[in-house]
Amino acid sequence: MTTAYPPPPPPPARGRDRTTLWGVLGIVLGLICCGILGIIFGYLSIRDARRNRQSPVLGYLAIVFGVINIIGGSILRLTGNYPFWNND
């Protein structure tokens, strides 16, 4: 005797999906000013992408840009070439 399969679960509510929002915020902040915030928003984007079964590419990009910002800013500060930072 065969039994019917249960129906698939309903898709997640669209209003709760902030994967793209976190990813774009992370990329913008990671590139422009705050590498740490880029990493945090990248992590949030990856977390939401896994929950909603979406692509985590934006989150990975945000983390990479945040790390590049931190490393680049550190190199510029160590060499004394950081703009708007006076050593007077």
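Under an unreviewed UniProt entry, the name given to the protein is DUF4190 domain-containing protein, and the organism recorded is Micromonospora chokoriensis.

**Describing the packing of aromatic side chains**
Aromatic ring pairs are described here by two measures, namely the spacing of the ring centres and the angle between the planes. Within the structure shown, the criterion is met by one aromatic pair. Residues Trp-22 and Phe-41 carry aromatic rings whose centres are separated by 5.5 Å and whose planes lie at 10° to one another, so their mutual orientation is stacked. Here Trp-22 is found in helix α1 (residues 19-32), whereas its partner Phe-41 is found in helix α2 (residues 35-51), with 19 residues between them in sequence. For the pair Trp-22 and Phe-41, one class covers both residues: buried.

**Comments concerning the pattern of salt bridges**
Tallied over the full model, the rule gives one salt bridge. Note that Asp-48 and Arg-47 form a salt bridge whose closest N and O atoms lie 3.6 Å from each other.

**Quick notes on the UniProt feature "transmembrane region" (unreviewed entry) in the protein**
Annotation from UniProt places "transmembrane region" (unreviewed entry) at residues 20-45 and 57-78. Segment residues 20-45 splits into 92% helix and 0% strand. End C-alpha atoms: 7 Å apart. Helix makes up 100% of residues 57-78 and strand 0%. Its end C-alpha atoms lie 32 Å apart.

**A word on helix α3 (residues 57-79)**
Its 23 residues place the ends of α3 33 Å apart at the C-alpha level, agreeing with the 33 Å of an ideal helix rising 1.5 Å per residue. The complete set of buried residues in α3 reads Gly-59, Ala-62, Gly-66, Asn-69 and Gly-73. Summarising the contacts, the buried residues of α3 are in contact with α1 and α2. The first or second residue beyond α3 is Gly-80, which carries a positive phi of 80°.

Quick notes on the rules
- Residues numbered from 1 in each chain as written.
- Predicted model: local features only at pLDDT ≥ 70, side-chain atom pairs only at ≥ 80, totals over all residues.
- Heavy atoms only, no water.
- Phe/Tyr/Trp six-rings, centres within 6.5 Å; stacked < 30°, edge-to-face > 60°.
- Helix = DSSP H or I, 4+ residues; strand = E, 2+ residues; numbered from the N terminus.
- Buried < 20%, exposed > 50% of the residue type's maximum accessible area, 1.4 Å probe, protein only.
- Salt bridge = Lys/Arg side-chain N within 4 Å of Asp/Glu carboxyl O.
- UniProt positions renumbered as here; feature names shortened; annotations may be inferred.
- Expected span 1.5 Å × (residues − 1).
- Contact = heavy atoms within 4.5 Å.

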